[in-house]
Amino acid sequence: MKFQVSKSKILRNLFIAIVLLIVGNLFSVYLLFNTAGMEDKVTRLLVKLLNVNLEANLPTYFSALVLLGDAILLAFIAYGCKAIGEKFWHWIGLSAIFVFISLDEMIQIHEQLRAPMEALFNTSGVLYFAWFIPYVAIMLVVGIAYFKFMMRLPKKILKLFILAGFVFVFGAVGMEMLGGMHAEVHGEETVTYALMYSFEEFLEMSGAAIFFYALISYSEIKFKTTTFVFGSNDA
C-alpha cells in the first residue's frame, strides 16, 4: 500500500489557510478599534475566535497543529533512520523541541516568563518583552549542538531549514522586539501594535509551514524505497 501526497499542494493549502486566518485576524482588529465598547456579544465572540493575540482560538489551534505535525514528521524521520541503521537521536531531539513549541503555542508557557525576566533584567526597548531571553539562549545552544548535523543535510534541505528557521525566529523574536519597543512608548492598545503582532503571527505560521514542506522533501529524498512515497504527484 502506498500513501501518495503532493508536497507542493500541502504547502499551498497551508498558506491558503494561513492567509485566511490572517484576514480573519485583521477583521477582528478592525472590530477591536471600530466597535465602541465591544458591547455586542457577536463582536466579542468574533474577536475571541479570530484574533491572533488571544489564546485558545482558531489561529492558536492551527499554529499548534502545524508545529505538532512538524514534530510527528521529525519522529517519523528518526524512526526511518533507526530502521536503516543510521544515527537518529538528533531527529528525536528536534521532535521533542517541536512538541514543546506546539505545547507552548497552546498554553502560552513563555508568557509566564515575562514578569520574572523583566524583574531580573529590568528590561526596556527591544527587550521590553523579556520572555524570549532564555529562549534565545537555548536556541543558541541548540544551534551550536546541531551545526555539524545541519551541515550534513542535502543542500536543498539545508536551505529550506534555514529559510523556515529565519522566518519563524524573525517573527517570534524579531517582531516581538520591535513590538516591545512600540508597546513601551505607545502601549499595547494601538492599531500599529495590532498590525505588528498580526505580522509576527503570519511569520511564525509561515515558518512552521515551510519546515513541514522541508521535512516532507527530506523524507522523499531519504526514504525512496519505503512504503510511503511523498511528492509523487508533483509536476
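Remember, it's a predicted structure, so these values are computed and weren't measured experimentally.

Colleague: Would you take a moment to explain the packing of aromatic side chains for this structure?
Modeller: What describes a pair of aromatic rings is the distance from one ring centre to the other and the angle between the planes of the rings. Taken as a whole and judged by the stated rule, the model has 16 aromatic pairs. Ring geometry for Phe-76 versus Phe-223: centroids 5.9 Å apart, planes at 75 degrees, classification edge-to-face. Of this pair, Phe-76 sits in helix 3 (residues 58-83) while Phe-223 is found in the loop between helix 9 (191-222) and strand 2 (228-230), placing the two residues 147 residues apart along the sequence. Using a relative accessible area of 5% as the deciding quantity, one classes Phe-223 as buried. Aromatic side chains Trp-91 and Phe-149 sit 4.9 Å apart centroid to centroid with 80 degrees between the ring planes, which places their arrangement in the edge-to-face category. Within this pair, whereas Trp-91 is found in helix 4 (residues 89-107), its partner Phe-149 is found in helix 7 (residues 147-151), the two being separated by 58 residues in sequence. Residue Phe-149 is classed as buried on the basis of its relative accessible area, which comes to 8%.

Colleague: I keep staring at the pattern of salt bridges and nothing clicks. Help me out?
Modeller: One side chain can pair with another of opposite charge once the charged atoms of both are near each other. Overall, the coordinates contain four salt bridges when judged by the stated rule. Among the salt bridges present, the one from Lys-222 reaches Glu-86, with a minimum N-O distance of 2.5 Å. Here Lys-222, found in helix 9, pairs with Glu-86, found in the loop between helix 3 and helix 4; they are 136 residues apart in sequence, far enough to count as distant. A relative accessible area of 26% means that Lys-222 is categorised as partly exposed. Between Arg-114 and Glu-188 there is a salt bridge, and its shortest N-O distance comes to 3.3 Å. With Arg-114 in helix 5 (residues 111-121) and Glu-188 in the loop between helix 8 (155-186) and helix 9, this pair connects stretches of sequence that are 74 residues apart. Salt bridges here are not isolated pairs; linked through shared partners, they connect Arg-114, Glu-118 and Glu-188.

Colleague: What's the story with the layout of surface pockets in this structure? I'm lost.
Modeller: Gaps left between atoms show up when a probe the size of a water molecule is rolled over them. Taken as a whole, the largest pocket spans an internal volume of roughly 1,500 Å³. Along the wall of the largest pocket there are 50 residues; nearest its centre are Ile-101, Met-139, Phe-168, Val-169 and Ala-172. Listed by contribution, the elements that provide at least two residues to the lining of the largest pocket are helix 3, helix 4, helix 5, helix 6 (132-145), helix 7, helix 8 and helix 9. For the lining of the largest pocket, the element with the most residues is helix 8, which contributes 11 residues. Taken together, the residues of the lining of the largest pocket break down into 33 nonpolar, seven polar and 10 charged.

The rules we used
- Residues numbered from 1 in each chain as written.
- Predicted model: local features only at pLDDT ≥ 70, side-chain atom pairs only at ≥ 80, totals over all residues.
- Heavy atoms only, no water.
- Phe/Tyr/Trp six-rings, centres within 6.5 Å; stacked < 30°, edge-to-face > 60°.
- Helix = DSSP H or I, 4+ residues; strand = E, 2+ residues; numbered from the N terminus.
- Buried < 20%, exposed > 50% of the residue type's maximum accessible area, 1.4 Å probe, protein only.
- Salt bridge = Lys/Arg side-chain N within 4 Å of Asp/Glu carboxyl O.
- 1 Å grid on protein atoms, 1.4 Å probe; cavity = no way out; pocket = protein on both sides within 12 Å on 5 of 7 lines; lining within 4 Å.
- Points joined across faces, edges and corners; volume = space filled by probe spheres on them.
- Nonpolar A, V, L, I, M, F, W, Y, C, P; charged D, E, K, R; others polar.

None of the figures reported here should be taken as evidence of function without further support.
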